[in-house]
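Working through the structure, step by step
Given next are the chains, with one letter for each unit.
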There are 2 protein chains.
Amino acid sequence: MPLGAAAIAAEVERLIAAGRAAALALFASDRQSRQRFVHKTAALLTEQAQNLVQANARDLAANPNLSSALRDRLRLDADRISAMARDTAAVAELPEVVGAIVGRQTMPNGLVVERQRVPLGLIAIIYEARPNVTIDAAVLSVLAGNAVILRGGSEAAHSNQALVEILRQALQFAALPPDAVQIPTTRDRGLVDALVGRPGGVDLAIPRGGTALIEAVTRAARVPVIQHYQGVCHLYVDGSADLAMATRIAVNAKAQRPGVCNAMEALLIDAAIADRAVPVLAQALHQAGVQVRGCPRTLARAAATAIAATDADYGREFLDLQCLCAVVDGLEGAMDHIRRYGSHHTEAIVASDPAIADAFVRGVDASCVAINASTRLNDGSCLGLGAEIGISTTKLHAYGPMGLEALTAVRFVARGQGQVRT
Amino acid sequence: MPLGAAAIAAEVERLIAAGRAAALALFASDRQSRQRFVHKTAALLTEQAQNLVQANARDLAANPNLSSALRDRLRLDADRISAMARDTAAVAELPEVVGAIVGRQTMPNGLVVERQRVPLGLIAIIYEARPNVTIDAAVLSVLAGNAVILRGGSEAAHSNQALVEILRQALQFAALPPDAVQIPTTRDRGLVDALVGRPGGVDLAIPRGGTALIEAVTRAARVPVIQHYQGVCHLYVDGSADLAMATRIAVNAKAQRPGVCNAMEALLIDAAIADRAVPVLAQALHQAGVQVRGCPRTLARAAATAIAATDADYGREFLDLQCLCAVVDGLEGAMDHIRRYGSHHTEAIVASDPAIADAFVRGVDASCVAINASTRLNDGSCLGLGAEIGISTTKLHAYGPMGLEALTAVRFVARGQGQVRT
């Protein structure tokens, strides 16, 4: 039975009051305590691996009708738990962001102006089935001095409950407030709307998941939202490309892990080299198990390895071993295509002419533009952030992978000797 | 007669389509063109000063019932126009932000990862009576490579129309699309809601003005919003303070320009020095024309220069020659007061003990924390930004004065030699 509005409102106020009190304590916390929390989380994951597998088994049993891909995302086993523990321990050693000075200048009147990173405050993260997000999101948020309210998918309810218990034990061990990591006591659907719809409640809401989830959160929100939207990522193979390199990158970008947001969804080939490049690229993708959906100019050159694309395949996020392949008229044709169908996530070019590559970078608006590299490299670890909480397609605040820095605000600190405004 | 929903929706689609096309052209525009636009704007302000004064006179005549403070904010005269022209010309020489590389690292696989500033895209700015905001907002936005839709206050309608004509002439002169600066063709109240409520429409909405305006925009928005909220700014005079410095700063913070968001609204005095400090500070404020509203411990020491504060005076943004004065129990008492009543805008301390000052900085969450300096220095020019579009109290993306950098996004550019994900 759904809760009444009053009960939901009461739960939201409880979460926010407890979360804000925890955020206040974390704001001035020392690095040692936050690191101790992260290391203890890693240790408890290992110690309590068997409990976690059992909790996860209850989730798997309670959701017998999930697709095999979703079951795989949901599953926790000993190997995955030990990888989580290892990754978590590594996060503790990332450079400190809280209090970091990112700029300093002395004004003519002697005022010393610093730009300093401080925690954001209280963050709500709303996500879907993968339980490892629970650990990543909580550990990164707290290490950056924030409190979090986590709302994971219902399929992972038991796993997430067990993981949050570990996180709260680790907070207590580190003498930090356990309410720095909270999960709502109800799974009522109205709770998310009420939580993100409370003005002045959380400082940031981060929805991670399918388009419907992100749109629902954005619609309900009266607080800032950073969206982690879909990736309709293109790879443009220019006339100046090294074709062997382009082939390696195209196969990696599509087939290495097709179900993720930085996988290539459309391959664009310069008409100038179509006769040579289309057969080679289509064949390589076909051999990697990819269904190539070609435009007419592609089909004319790769009839055996491609099928005809429909209108719906343009701008489509396949998330599977399928992709569009279109012949375009050079750089301008590629950029026109990307402006029309891209989603500002990841756009890549293979070109050996640096002037072409530079023009592509200048003309394409995406969170990551890759030159002679796979779209799959738009990821926190590959781009040097160490760990990430997701890939933002919102341009404000964070654009691309969100690491520890993106979980802080940058304020001004003005150090004077009596300066006034004249 | 208000427009129908269909007519408003059509106007919104027209503004967004034209704005996005202009933003696309600006995304890849060169610095010279954008500078030429700014310089031409400055020149046209001077050339067309008389027209501007006439347009402004129509606004003043059409709004006879404004308070004298609002009339003053609305007024354009020859001096103000020449100051606008001078400030505008100075903005053109600020360092280029578009394309600026703000970080670079080479990964172990040889991938060179750059963080690069790019324009945000299309920005909607919704503001109240001061016409100079029209020029500041447009010039800074376009110089950072963005297109803007400006919705100023109805009181300034004629002035803003004349200013936007200058801006569009200057865009044409610089061979940039005139639709980089647009104003809606209707002043229907439904337009703002429809504009900011259009998902995927503008990349950012910035409301500047009173709390009601900001809350209305935030409520309607389905796009990111950066709020420029009120400033309930405190000055804490610690027991270790130089009392002469504290007095100078308190008078400047409150009385130099009382009607602005970075003016001091509450003076907090350490109980340890209350006997000595309260009479001196209350007397100095009183002499500067400030009505001091004191807590009981203040009144006991400054009966002649203070009146009794009411509950409503705590956390109040007076925006006038009035302020709260409260005696607090040391640093902790001051920080408790600020956490309860502050608005995350500007918080200042006067202290000669650096340990106290550091603890204040660590414990207080505000867009600008000032040590031994006036709250009035939380301003783009005083903090080294050169110019600002307002002072953000949103922690996301920009916290404090928003200059050119805050009008850009930071993306990743990954330069490879064939790197793939393994």
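One structure accompanies this document, and this report is about it. (Residues numbered from 1 in each chain as written. Chains lettered and ligands numbered in written order. Predicted model: local features only at pLDDT ≥ 70, side-chain atom pairs only at ≥ 80, totals over all residues.)

Notes on the sheet that holds strand β16 (residues 408-419) of chain B
Either a parallel or an antiparallel arrangement is found when strands of a sheet pair, and the pairing is made through backbone hydrogen bonds. Spatially, β10(A)-β9(A)-β11(A)-β8(A)-β7(A)-β12(A)-β13(A)-β16(B)-β2(B)-β1(B) is the arrangement adopted by the 10 strands of the open sheet, whose pairing is mixed. Two strands in the sheet have a free side with no partner beyond their single neighbour: β10 (306-308) of chain A together with β1 (101-106) of chain B. Strand-to-strand twist across the sheet, computed as the mean angle between neighbouring axes with direction ignored, equals 25°. Inspection of the sheet shows strand β9 (residues 291-294) of chain A paired to strand β11 (residues 322-328) of chain A by four bridges, in the parallel sense. Its bridge partner lying in β11(A), A:R293 is registered against A:L324. (Pairing = 2+ DSSP bridges. Helix = DSSP H or I, 4+ residues; strand = E, 2+ residues; numbered from the N terminus. Axes fitted to C-alpha atoms, helices over the stretch in contact; angles between N-to-C directions.)

Focus on the pairing of strand β1 (residues 101-106) of chain A
All names here are of chain A. With respect to burial, β1 is a largely exposed element, only zero of its six residues being buried. Pairing of β1 with strand β2 (residues 112-119), which is carried by five bridges, proceeds in the antiparallel orientation. Bridging from a neighbouring strand, R104 pairs with E114 of β2. The loop that links β1 with its antiparallel partner β2 comprises five residues; one of these, G110, has a positive phi angle of about 90°. (Buried ≥ 20, exposed ≤ 12 C-beta atoms within 10 Å, placed from the backbone.)

Overview of the sheet that holds strand β6 (residues 204-208) of chain B
Residue and element names in this part refer to chain B. On the basis of which strands lie adjacent, the open sheet formed by four strands has the order β5-β4-β3-β6 and parallel pairing. On the outer flanks of this sheet lie β5 (181-182) and β6, each paired with one strand and no other. With five bridges connecting them, strand β3 (residues 122-127) and β6 associate as parallel partners. What sits directly across from Y127, in β6, is R208. Each of β3 and β6 touches helix α9 (residues 211-220); the most contacted strand, β6, lies at about 160° to it. (Contact = placed C-beta atoms within 7 Å.)

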